[in-house]
Amino acid sequence: MTYPTIRPEITLDFANSRQLDPRITFSRASGATYLNSDTGLITLASDHEARFEKDGLLIEESNYNSLHRSTEPDNSYYDLSTGLTKIANNAVSPDGNQTALLLTEDSSTGLHTWGRNNNVSLSNNVMSLFVKSNGAAKVGFRQGNESYSNTSFDLSTGTKVSGNGGIEAYPNDWYRIWQIRSGNGNKVRFHLLGDSNELSFQGDGTSGVWVWGFQKEPNKGRPTSLIVTEASTVTRAADVCTITGDNLSSWWNASEWTIFTDVKGCLNPTGFVFVAHDNNQAKRYGLNHVAFFEGTVALPSGGTEEVFADPPLTSPYTYKAAVAKNAQGTADANAYFNGLAGDIDGPFPCVDLNPSKLEFGYRGSYDVRDWLNGHISRLSYYPRRLSNAELQELTS
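Tell me about the overall build of the protein, residues and numbers included.
Broken down by element type, the protein carries 3 helices and 32 strands. In the protein, which comprises 396 residues, the proportion classed as buried is 53%. Relative to all contacts within the protein whose residues are 6 or more apart in sequence, the contacts with residues 24 or more apart total 69%. Accessible surface, the protein: about 15500 Å² in total, of which carbon and sulfur atoms supply 45%.

Here it is as structure tokens:
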């Protein structure tokens, strides 16, 4: 075992501290929700308030919910109810308020459906809903015609049965289910299904589910944090997290360094974990994960990227990575992902850099994009180039 013999110059342990280092500047021009790990409840963070979940600091790009009254499932906006009885405010919802709507299948033979009669068109979207069983196990979504575009789930096992989507467990026996629609998804339909996942069946008059938190958003691979809406579409602003000025230059070593990151649950296949730059596209260092999980470590003065590693990781991306460089002219840089060495270990034209800004969870050195849409659990900075053996041990 070859663990680093020096302590990091700076460690941002977001998962355990659940607070920002005072050197960090954070902003977000809107409120946003997160799952509070202390209470187990979906909680609203105010404007410019960082969000910490059990996996660390949550960084998301701007996105919007096209459905109105997202946390008011009994509102007349949701005017479709076929083969069901409804009882409003019947159970405690995932945010701790008693606003969940109980849907119970009646004894008729046919569809048992809830949603909205008028179409809400959004091409390439993710539609999601919080659901809790009250006797019913099989449920599903539909955005196209009756006979297709279905994604079904089994609440008794917490699994997706068919279609393109997913399911995630939440506290107090709630699940968040979602459907991904690559084409134009017009309809807003949630179904209770028969024992064999059929749309049309005879209900028993007693089985049902509670529902809350309906969302239809541009597709990021799976749902982002719940966006609370009232009478119109609502946009959640992007999280912007940086260190600048003396708060950065006081500890950054231009000639050699190592940065270790522990990243969890990221949705964006091109999302950056960090970027250090001097407002110059040609002089920056960063770490991201792309379609094949290639870690882009540095842009030398010529402005061409050097690609490193492609471990077999799938979305949502969770990994440990470390990137390191030595002094300019030594051609010695490397990256490790989950204990695996990068494809290149020099010659690599390292450039010394005194960055003016260190960005977390996105890149904005010459344009603003590539948000992580996930969590940074920990980031550590060492003021020297750690050995390859140390890099491997850190990321294993």
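Read on, since the account is not over.
I'd like to hear about unusual backbone geometry, residue by residue, with values.
Non-glycine residue His-48 carries a positive phi angle of around 65°. Positive phi, normally seen in glycine, also occurs at Asp-173, with a value near 70°. As for its position among the elements, Asp-173 is in the loop between strand S17 (165-170) and strand S18 (174-185).

So what's going on with the pairing of strand S12 (residues 113-116)? Residues and values would help.
In this sheet, S12 lies alongside strand S8 (residues 80-82) in antiparallel orientation, the contact comprising 3 bridges. Paired with Thr-82 across the two strands is Thr-113, which belongs to S12. Sheet analysis places S12 next to strand S19 (residues 188-192), joined by 4 bridges and oriented antiparallel. In the strand pairing of S19, Thr-113 is matched with His-191.

Before we move on, can you summarise the pairing of strand S21 (residues 208-218) with the specific residues and values?
For S21, a buried count of 11 out of 11 residues is recorded, marking the element as mostly surrounded by other parts of the structure. As judged from the 4 bridges shared by strand S10 (residues 100-105) and S21, these two strands associate in the antiparallel manner. Considered in S21, the bridge of Leu-101 is made with Val-211. Sheet topology note: the strand S13 (residues 122-134)/S21 ladder contains 9 bridges and is antiparallel. From the neighbouring strand, Val-126 faces S21, where its bridge partner is Glu-217.

Break down the nonpolar core for me, with residues and values.
Judged by nonpolar contacts, the single largest core of 40 residues is most densely connected at Trp-251, Trp-252, Ile-259, Leu-358 and Phe-360. Contacts of Ile-259, omitting those with residues within four sequence positions, involve Trp-252, Phe-274, Ala-321, Ala-322, Val-323, Leu-379, Ser-380 and Tyr-381. Counting residues in each nonpolar core, the second largest holds 26 residues, with Val-120, Phe-153, Phe-201 and Val-209 among its members.

Break down the sheet that holds S12 for me, citing the residues and quoting the values.
With respect to topology, 6 strands assemble into an open sheet ordered S8-S12-S19-S14-S15-S16, the strand pairing being antiparallel. This sheet does not close on itself; its edge strands, each paired only once, are S8 and strand S16 (159-162). For this sheet, the mean inter-axis angle between neighbouring strands, taken without regard to orientation, is 20°. Pairing geometry for strand S14 (residues 138-142) and strand S15 (residues 150-154), over 5 bridges, is antiparallel. Bridge pairing links Arg-142 to Asn-150 in S15.

Let's hear about the pattern of salt bridges: which residues, and what values?
For the structure on display, the rule yields 13 salt bridges. We note a salt bridge from Asp-21 to Arg-23, for which the minimum N-O separation is 2.9 Å. The residue Arg-236 makes a salt bridge to Glu-60 at a minimum N-O spacing of 3.5 Å. Taken together, the residues span a long stretch of sequence, with Arg-236 in strand S22 (residues 234-236) and Glu-60 in the loop between strand S6 (56-59) and strand S7 (63-65) at a distance of 176 residues. Here Arg-236 matches Glu-60 in class, with each residue buried. A single salt-bridge network, built from bridges that share partners, covers Arg-28, Arg-51, Glu-60, Arg-236 and Asp-239.

Quick notes on the rules
- Residues numbered from 1 in each chain as written.
- Predicted model: local features only at pLDDT ≥ 70, side-chain atom pairs only at ≥ 80, totals over all residues.
- Heavy atoms only, no water.
- Helix = DSSP H or I, 4+ residues; strand = E, 2+ residues; numbered from the N terminus.
- Buried < 20%, exposed > 50% of the residue type's maximum accessible area, 1.4 Å probe, protein only.
- Contact = heavy atoms within 4.5 Å.
- Areas by Shrake-Rupley, 256 points an atom, 1.4 Å probe, with all protein chains shown as cover.
- Pairing = 2+ DSSP bridges.
- Core = buried A, V, L, I, M, F, W, Y, C linked by side-chain atoms within 4.5 Å.
- Axes fitted to C-alpha atoms, helices over the stretch in contact; angles between N-to-C directions.
- Salt bridge = Lys/Arg side-chain N within 4 Å of Asp/Glu carboxyl O.

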